[in-house]
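Report on the structure
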Amino acid sequence: MPSSSSRRRRKPPAPDPTQDRGRRFDAGGNATETAAQRESAGQRSAESTSIFVQGNAACARGALAAGLRFFAGYPITPSTEIAEIISEELPKRGGRFIQMEDEIASMAAIIGASMAGAKSMTATSGPGFSLMVENIGLAAMLEAPCVIVNVQRGGPSTGLPTKTHQADVMQARWGSHGDYPIIVLTAASVQDAFDLTITSFNLAEKYRTPVVLLLEEATGHMREKIEIPPPEAIALFERTAPSVPPGEYLPFDDRFGDVPPFAAYGTGYRYHATGLTHNRTGFPTEAFEEIDELLRRHARKISEDIAELRLVEHYKMDDAEIALVAYGSSARAAKGAVDLARAEGLKLGMIRLVILWPFPTAVIREAAAQAKHLIVPELNMGQMVREVERAASGHARVHSMTKVTSELWAPHEIVEKARALLGVNGGA
């Protein structure tokens, strides 16, 4: 009998969840929007509302726009504003808000709500995220769509509650035990906090998987003007419902693709869910073929759509000799560094990682083939730089810039590093 790993089924066509707001990403999933495109989009969306708002508030608004129906959480700095706003606004829309006894329970609650068919979310920060990771693994095993927002702060332990960091990017990928796929996005602006919250819900629904959205204290508490489009302009993805009668339904039935149709609890479909390794019926199994089939399908539903998940922004990369690979708040400084360097005649460009996991290996590989140097500025001891080095495969020299004091990168600091690499003195 052939191995189940070789049994690949074609997924049914589905809307692209990265097309939220109809303009953020191209068909390949690349965040290619320029300032001119933003202006054009603004003209097309004349009914959009411009507001001056905090990043955490934008995230809460994005969740409501995405169709959030259930939120469970426990207050923790610097994420608390998300829960505060949703506690007021969600009940007005017929949804439910619960303040749980801790973050473990919060994560369990949103899994339960998701299994009942509700779009669900929680928000937390470092110590709370550490408590959630066990149940994030449960969500992956149950294929329960849900969104976890982590507004990063300094750590480890209680660390620096009111200061910014980017130290949870590896934990977001590898926090729970076992082999499981997960999607992790990260925001660089308040507009991102709104847009990417919607994208997170859409990706969770499409792939039946937990999605982590990483903000930082800096982006969560920053205030900027953003555009809120009218509801009819926001594309939302809903999980695929069963097309068979209840008597024929299997909750993890891969006959319909690597993402099985989802029947909500209480809708007449027989459903068994467990954190144990299970077969198509949902009941535990120790059969070798069924174990292999389940875990490889989990991985495959993300890996086979890797091109669609290549969410990055290229900035002045056409002739770049040095490529800055940055994400989150560091990407804002990196973009400024590119402009400063270009004014001096230095050919810098930037690749902003909107998605951290699955890592956009092909994008970095292309950049390494073009540029002589890749610089990775991070607000940690150097976490993503290792992934960049792996993807670059020695085709370009990779340089880490680290900062752990909770101070943001300044553009001139990055330009100084570039000057040193190019062997030029300081500019005007």
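Just above, that's the structure.
Read on for a plain summary of the structure. (Residues numbered from 1 in each chain as written. Predicted model: local features only at pLDDT ≥ 70, side-chain atom pairs only at ≥ 80, totals over all residues. Heavy atoms only, no water.)

**Concerning the overall build of the protein**
When helices and strands are tallied, the protein shows 13 helices and 14 strands. The buried share among the 428 residues of the protein stands at 56%. In the structure as shown, the protein presents an accessible area of about 17,400 Å², 53% of it carried by carbon and sulfur atoms. (Helix = DSSP H or I, 4+ residues; strand = E, 2+ residues; numbered from the N terminus. Buried < 20%, exposed > 50% of the residue type's maximum accessible area, 1.4 Å probe, protein only. Areas by Shrake-Rupley, 256 points an atom, 1.4 Å probe, with all protein chains shown as cover.)

**Quick look at the pairing of strand β4 (residues 120–124)**
Here β4 lies mainly inside the structure; 5 of its 5 residues are buried. As judged from the 2 bridges shared by strand β2 (residues 70–73) and β4, these two strands associate in the parallel manner. For Phe 70, the partnering residue across the bridge sits in β4 and is Ser 120. As defined by bridge partners, β4 adjoins strand β5 (residues 146–152) across 4 bridges and the pair is classed as parallel. Note on β5: the bridge partner recorded for Ala 123 is Val 149. In this fold, the crossover linking β4 to β5 by way of helix α5 (residues 126–142) has right-handed handedness. (Pairing = 2+ DSSP bridges. Right-handed = clockwise from strand over helix to strand, strands pointing away.)

**Describing the pattern of salt bridges**
As enumerated under the stated definition, the model contains 21 salt bridges in all. In this structure, Asp 192 and Arg 352 form a salt bridge, with 2.9 Å as the shortest nitrogen-oxygen distance. Of this pair, Asp 192 sits in helix α7 (residues 190–207) while Arg 352 is found in strand β11 (residues 348–353), placing the two residues 160 residues apart along the sequence. A residue is classified by how much of its surface remains accessible, and Asp 192, at 2% relative accessible area, is buried. Residue classification places Arg 352 among the buried positions, given a relative accessible area of 7%. (Salt bridge = Lys/Arg side-chain N within 4 Å of Asp/Glu carboxyl O.)

**So, the sheet that holds β11**
The mixed open sheet is built from 5 strands, whose spatial order is β9-β11-β10-β13-β14. One side of each edge strand has no neighbouring strand; the edge strands of this open sheet are β9 (312–315) and β14 (397–402). Neighbour-to-neighbour, the strand axes of the sheet open up by a mean angle of 20 degrees, direction not taken into account. Here 3 bridges tie strand β10 (residues 322–326) to strand β13 (residues 373–378), and the two strands are oriented parallel to one another. Bridge pairing links Ala 323 to Leu 374 in β13. (Axes fitted to C-alpha atoms, helices over the stretch in contact; angles between N-to-C directions.)

**Thoughts on the packing of helix α2 (residues 55–65) against helix α3 (residues 80–89)**
The contact between α2 and α3 brings their axes to 8 Å, and the two run at 40 degrees. What the angle tells us is that α2 and α3 run oblique. Remark: the crossing between α2 and α3 carries right-handed chirality. Residue-level inspection shows Asn 56, Ala 57, Cys 59, Ala 60, Ala 63 and Leu 64 of α2 in contact with α3, the latter providing Glu 81, Ile 82, Ile 85, Ile 86 and Glu 89. Residues belonging to the contact of α2 with α3 are distributed by class as follows: 8 nonpolar, 1 polar and 2 charged. (Parallel < 35°, antiparallel > 145°, perpendicular 65-115°, else oblique. Left-handed = near helix turned anticlockwise from the far one by under 90°. Contact = heavy atoms within 4.5 Å. Nonpolar A, V, L, I, M, F, W, Y, C, P; charged D, E, K, R; others polar.)

**Section: the packing of helix α10 (residues 328–343) against helix α13 (residues 411–422)**
It is the contact of α10 with α13, at a shortest axis distance of 8 Å, that shows an interaxial angle of 55 degrees. In terms of orientation, α10 and α13 fall into the oblique class. You can see that α10 and α13 cross each other, and the crossing is right-handed. Side by side, α10 and α13 meet where Ala 333, Ala 334, Gly 336, Ala 337, Leu 340 and Ala 341 of the first sit next to Pro 411, His 412, Ile 414 and Val 415 of the second.

**A look at the nonpolar core**
Among the nonpolar cores identified, the biggest contains 59 residues, and Met 107, Ile 148, Leu 353, Leu 356 and Leu 374 are the most heavily contacted of them. Counting residues in each nonpolar core, the second largest holds 44 residues, with Phe 71, Ile 82, Tyr 207 and Ile 226 among its members. (Core = buried A, V, L, I, M, F, W, Y, C linked by side-chain atoms within 4.5 Å.)

**Quick word on the environment of Pro 78**
Examined against the element boundaries, Pro 78 turns out to sit in the loop between β2 and α3. The spatial distance from the C-alpha of Pro 78 to the C-alpha of Ala 218 is 9.3 Å, given a sequence separation of 140 residues.

**Things to note about the side chain of Asp 168**
With respect to the helices and strands, Asp 168 occurs in the loop between β5 and α6 (169–174). No salt bridge forms around the buried Asp 168; measuring N to O, its nearest opposite-charge neighbour Arg 153 is 7.9 Å away. With sequence-adjacent residues up to four places away left out, Asp 168 is seen in contact with Gly 126, Asn 150, Gln 152, Leu 214 and Gln 383. (Lys, Arg positive; Asp, Glu negative; His and termini not counted.)

**With respect to helix α12 (residues 384–392)**
Of the positions making up α12, those classed as buried are Met 384, Val 385, Glu 387, Val 388, Ala 391 and Ala 392. Buried residues along α12 cover an arc of 155 degrees about the axis, so they all sit on one side. Where α12 is buried, its residues contact α6, β10, β12 (355–357), α11 (361–370), β13 and β14. (Arc of directions from axis to C-beta.)

**A word on the packing of aromatic side chains**
Using the criterion set out here, one finds 8 aromatic pairs in the structure. Here Trp 174 and Trp 357 contribute two aromatic rings whose centre-to-centre distance is 6.4 Å and whose plane-to-plane angle is 70 degrees, an arrangement assigned as edge-to-face. Here Trp 357 lies in strand β12 and Trp 174 lies in helix α6, a separation of 183 residues in the sequence. (Phe/Tyr/Trp six-rings, centres within 6.5 Å; stacked < 30°, edge-to-face > 60°.)

**Considerations on the sheet that holds strand β6 (residues 183–186)**
In spatial order, the strands read β3-β2-β4-β5-β7-β6-β12; together these 7 strands make up an open sheet with mixed pairing. In this open sheet, the two edge strands, each paired with only one partner strand, are β3 (96–99) and β12. For this sheet, the mean inter-axis angle between neighbouring strands, taken without regard to orientation, is 20 degrees. Summarising the sheet, β6 and β12 pair through 2 bridges and their orientation is antiparallel. What sits directly across from Val 184, in β12, is Trp 357. Strands β4, β5, β6 and β7 (210–216) of the sheet are contacted by α7, whose axis makes an angle of about 165 degrees with β7.

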